[in-house]
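Chains, contacts and geometry: an overview
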Amino acid sequence: MNVTIDLTVNGERHRLEVTPWTTLLELLRETLHLTGTKEGCGLGECGTCVVLVDGSSVNSCLMLALDANGRQITTIEGLASNEELHPLQASFIEKGAVQCGFCTPAMILSAKALLDRNPGASEEEIRRALSGVLCRCGSYTKIIEAVRTVSKEVEDS
Amino acid sequence: METQYVGKRVPRVDALDKVTGQAMYSVDVELPGMLYGATLRSPLAHAKIVEIDTSAALTVPGVRAVVTGKEFPFTFGHMIKDQPFLSIHKVRYVGEPVAAVAAETEAAAQEAVEKIRVEYEELPAVFDPRKAALDGAPIIHEDLGKYDHGNVYELVPGTNISTVMKYSRGDVEVGFSEADEVFEDEFYIHPVAHTPMETHAAVVQYTPSGKMLTVWSSADAPCQRAKDLAKVLSLSFNQVRFISTYSGGGFGGKGAIVAEGIGVALAHFTKGRPVKVIYSRQEELTASQVRLEAYLKLKTGVKKDGTLTAREAEIIWDNGAYSSKGPEVARRGTLTIFGPYRTPHLTLLSRLVYTNKQPSGAYRGFGTTQVTWACEAQIDIIAGKLGIDPVEVRLRNFYADGDPYINEQIMHTAGLRETLEKASQEIGWGQKKPKTTGTKVRGKGIATTIKGTNTPTDSYCFIKVNVDGSVTVLTSSVEIGAGQKTVLAQIAADTIGVPLASIHIPNPDTCSTPFDFGVTSSRTTYHMGNAICLAGQKVRRQILETAGEILKTDPERLTLREGEIIDRDAENQMTLKELMAKKYGGKGGAIQGEGYFTPAGSSLIKAKPGIEWMSSIFWMWATHAAEVEVDTETGVVKVLKIAAAHDVGRAINPIGCEQQIEGSVIMGLSNTLFEEFKMEKGRIMNDTLADYKVATTLDLPEIVPIIVESHHSEGPFGAKGVGEPALAPTAPAIANAIYDAVGIRFKSLPITREKVLAAIRNRKP
Ligand code: FES
Ligand code: FES
């Protein structure tokens, strides 16, 4: 009953056999060992599993792996190019937006999806775009500041 | 002392791992041959187990072990040994683990769990701790009198009262007779979930040949958990190995054996294969642990000018079905119910009561949050009735340096007043209220807190200066997310005199990292920080002596800074790297030093003999000031701003302090306004994050963290702590602000929109 899918994850192409009920989250974490994507609920309620699918943020626990066939997936592991951090990653470090870090990959990817669409996003837009990812450490103030610092650079330039 | 790192806004040393997805959490651990565990949980709150039939489960393909309390009849409990790994003879709450399965896949384990049949004989259950404490209530632990327990706890066998504590000072009768007014109020604080984004998880391996039990988990006190497990399984401490991972949030919830327990039971039956147990979100919300709910009665005598004359407190704490850290939360939390106020005459009675509910445990604040709720709401009530400004009443009664604490410890209070002054100034205390427009009314509220740290407790560390000049710091302090590694690395770098980047602090491994009491009680910066100072000074001295030999000069003339060894007259210079290469380059070697810190014996904690345990080596003071806007038509409370001032002693890392303060404020706001378990017959009905609501970015108020530095004379670089007290004043500050806005006094938490609306509607015109 397995289905063959062909997808690109962080620029690398994979052809894989999956069961029809395998979620994208399971595929990433268990088959591809990309454990930077987290599972906080498995029900679409916490947002810690966010990845980018063709550039849009998606709760990977709600998406079937076979629906990812032919798509481009970006996970947190694929964000830095070589040694160079993505500006959002650098800003999260600099502004102290990371505590336990469990929500961090999803926060950064959700912010990336927003800024790719809307590079100069306002604080209010950032708040709204990140409201689907829970952070129990309560890093919200500094997360918003970290993202806003990056979007402001665009605005200022 | 001039510092390179301490006191600076240093980015966290663990942040790079975390922003790149490389940080390994317990849920990420993967080992060869690893099996997956799943748990069958009790559907009943209180029942006898008549029979368990596991035969069908055993036939599911891929199943390697099915275990019940019959095969693994052990119990654990750090304070009272009352909790079975898997139910033995009876179940005591909905969600209690009854049987567990290990299988090749999660799906097979889950399928097998569903095939286990259990026959129960239901027993009457009790959910309200006040009722459970009464004569005639169904008894939850018939064997309470036989349980092993810490000798500081007074158990009451034959009842549901797990522990009781009484204390008094002075003579309350005299105190009340001196009062002009006596206030009697009752408060309630609800249970809440820790809700770490990473649920409880563990991987456990037991190798029967060497009798070696290895646990990968993010437990916040790995040495304590290893000690507990060794004792109950009759192993020696060195046969139990906790390997710490990064933690996806703890907040006290990871201070007990939770997922580890299921893993330990299963691993004994998997012939050496490791087993991974990850709690689902539903299990996390219903079957891990929660904050102790509490009913608090406070009677306070006051003079007309607001001076407190006597206070009487009675608290009933809900322990849930098993004692996690409940006994200690009740014992320590109870003490600070009188707040940061001089109380000449006082008496208190605290009872911790079993109920047929999920176990309660440590929760950021360790009881302080519960008692602060009562104390600070009542101080506001008193101020209102006497017509004195709430800030004034607090100032009038605040401890001052030299005042005796309730056990006669001499208080060192620097920082307390400053937190109140700064927070109230930031919120614009006393300024005229803006005119109400439409249905939205504004109000301001203030609350303070006092929190100590468990004293005395010990920390050990070990520092290696490696052959290339890099430094490894070995400690058992877990990075629970609160910035432990960064603060400790900063202290090490400045003490030794090396660049921060040259320091590595691996995650703890109880086989090789030295003993630490645990990352609890806001103690790590102070205790492990001091241990690192001691070890760091030792290695620094050895480095300089070695340099003196090599440079043929008096080591006293040398100094080490940022990894450079410099002569006083700057004649000789060499780097630490060069020094190590010269000395050990050929055959290898290292410079090493150990540090051991305990506050025991410090003159600061002297107190009345026999009750020195109530002393704290440092006291943390804080004030939160809140401004809210209440919509009288909808009942929605919008928190506009919270100014949170904390006396941290010295901010080793101001970013880290701000993270703790901001994080606590939003957690406190969430606990206060949104979070509430809905229960039916002991079953939690809202067991998902869709129904158990926690705050999101949309609920974030303006938070102004204010750091007050009082410089503790014995703290590392003057530091104290901040992690726990930051949660306590948020709830009463919000409630006091709501009162200021609409004149409605909430004495019971949470303050949900529905409750606010109902109270506004019921308000007498
Ligand atoms: S894991 Fe929680 S939303 Fe996907
Ligand atoms: S940093 Fe811990 S959940 Fe966000």
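Residues numbered from 1 in each chain as written. Chains lettered and ligands numbered in written order. Predicted model: local features only at pLDDT ≥ 70, side-chain atom pairs only at ≥ 80, totals over all residues. Heavy atoms only, no water.

Now for the side chain of aspartate 647 of chain B. All names here are of chain B. Topologically, aspartate 647 is positioned in strand S29 (residues 637-647). Within polar-contact distance, the side chain of aspartate 647 engages the side chain of serine 710 at 2.8 Å. Of note is the side chain of aspartate 647, whose polar atom sits 2.8 Å from the side chain of lysine 720. (Helix = DSSP H or I, 4+ residues; strand = E, 2+ residues; numbered from the N terminus. Polar contact = N/O pair within 3.5 Å; in protein donor to acceptor, adjacent residues only side chain to side chain.)

This next bit is on the sheet that holds strand S27 (residues 591-597) of chain B. Residues and elements named next belong to chain B. In spatial order, the strands read S23-S22-S21-S27; together these four strands make up an open sheet with mixed pairing. Two strands close off the open sheet at either side, each with one partner strand: strand S23 (503-504) and S27. Pairing of strand S22 (residues 471-474) with S23 involves two bridges; the strand directions are parallel. Residue pairing across strands places threonine 472 opposite histidine 504, the latter belonging to S23. Seen against the sheet, helix H14 (residues 524-551) touches strand S21 (459-465), S22 and S27 and runs at an angle of roughly 150° to S27. (Pairing = 2+ DSSP bridges. Contact = heavy atoms within 4.5 Å. Axes fitted to C-alpha atoms, helices over the stretch in contact; angles between N-to-C directions.)

Bringing the packing of helix H10 (residues 368-386) of chain B against helix H17 (residues 730-742) of chain B into the picture now. Residue and element names in this part refer to chain B. In contact at an axis separation of 8 Å, H10 and H17 are set at 30° when each is read in the N-to-C sense. One finds that H10 runs roughly parallel with respect to H17. With respect to the hand of their crossing, H10 and H17 are arranged in right-handed fashion. Mapping the contact onto sequence places Thr372, Trp373, Glu376, Ala377 and Asp380 in H10 and Ala731, Pro732, Ala735 and Asn736 in H17. (Parallel < 35°, antiparallel > 145°, perpendicular 65-115°, else oblique. Left-handed = near helix turned anticlockwise from the far one by under 90°.)

Next up on the list: the packing of aromatic side chains. Residues and elements named next belong to chain B. Considering all chains together, one arrives at 17 aromatic pairs over all chains under this definition. Taking the centre distance of 5.8 Å and the plane angle of 70° together, the rings of tyrosine 526 and phenylalanine 597 count as edge-to-face. Here phenylalanine 597 lies in strand S27 and tyrosine 526 lies in helix H14, a separation of 71 residues in the sequence. Assigned by exposure class, tyrosine 526 and phenylalanine 597 land together as buried. Judged by centre distance (4.8 Å) and plane angle (45°), the ring pair of tyrosine 526 and phenylalanine 618 falls under tilted. Remark: phenylalanine 618 occurs in the loop between S27 and strand S28 (620-631) and tyrosine 526 occurs in helix H14; sequence separation between them is 92 residues. Given a relative accessible area of 0%, tyrosine 526 falls into the buried group. Among the aromatic residues, those joined into a ring-pair cluster are Phe72, Phe74, Phe76, Phe85 and Phe269. The ring of tyrosine 279 has arginine 41 sitting right over it, with the charged end atom 4.8 Å from the ring centre. One cation-aromatic arrangement involves lysine 299 over phenylalanine 176; the distance from NZ or CZ to the ring centre is 4.4 Å. (Phe/Tyr/Trp six-rings, centres within 6.5 Å; stacked < 30°, edge-to-face > 60°. Buried < 20%, exposed > 50% of the residue type's maximum accessible area, 1.4 Å probe, protein only. Lys NZ or Arg CZ within 6 Å of the ring centre and 35° of its normal.)

Residues and elements named next belong to chain A. Of the strand pairs in this sheet, strand S1 (residues 3-9) and strand S2 (residues 12-18) are connected by seven bridges, and their pairing is antiparallel. Across the sheet, the residue bridging to aspartate 6 is arginine 15, located in S2. The turn joining S1 and S2, which pair antiparallel and follow one another in sequence, is formed by two residues; a positive phi near 50° is taken by asparagine 10.

Looking now at the domain arrangement of chain B. Residue and element names in this part refer to chain B. Each assigned domain of chain B is listed here: domain 1 (15-22 + 457-597), domain 2 (31-389) and domain 3 (398-454 + 615-765). Centre-to-centre separation of domain 1 and domain 3, based on C-alpha positions: 38 Å. Between domain 1 and domain 3, the contact holds 18 residues from the first and 22 residues from the second. Taking both sides of the interface into account, the surface hidden between domain 1 and domain 3 amounts to around 1400 Å²; carbon and sulfur atoms contribute 57%. Taken as a group, Ser521, Ser522 and Tyr526 account for 45% of the area that domain 1 buries against domain 3, more than any other trio of residues on that side. (Domains from an automatic or database assignment. Buried area = accessible area lost by both parts, 1.4 Å probe.)

This part takes up the interface of chain B and chain A. On the chain A side, the residues contacting the 51 residues of chain B number 43 residues. Both sides of the chain B and chain A interface together cover about 3700 Å² of buried area, and 60% of this is carbon and sulfur. Here chain B is connected to chain A by five salt bridges. Notably, a salt bridge pairs aspartate 28 of chain B with arginine 29 of chain A, separated by 2.8 Å at the nearest N-O pair. (Salt bridge = Lys/Arg side-chain N within 4 Å of Asp/Glu carboxyl O.)

Attention now moves to the sheet that holds strand S25 (residues 564-567) of chain B. All names here are of chain B. The sheet built from three strands is open, its strands ordered S24-S25-S26 with antiparallel pairing. The open sheet has two edge strands with one neighbour each: strand S24 (558-561) and strand S26 (573-575). The mean angle between the axes of side-by-side strands here comes to 20°, regardless of whether they run parallel or antiparallel. Note: S25 against S26, three bridges, orientation antiparallel. Bridge pairing in S26 links glutamate 564 to threonine 575. Packed onto the sheet, H14 meets S24, S25 and S26 and runs at close to 125° relative to S24.

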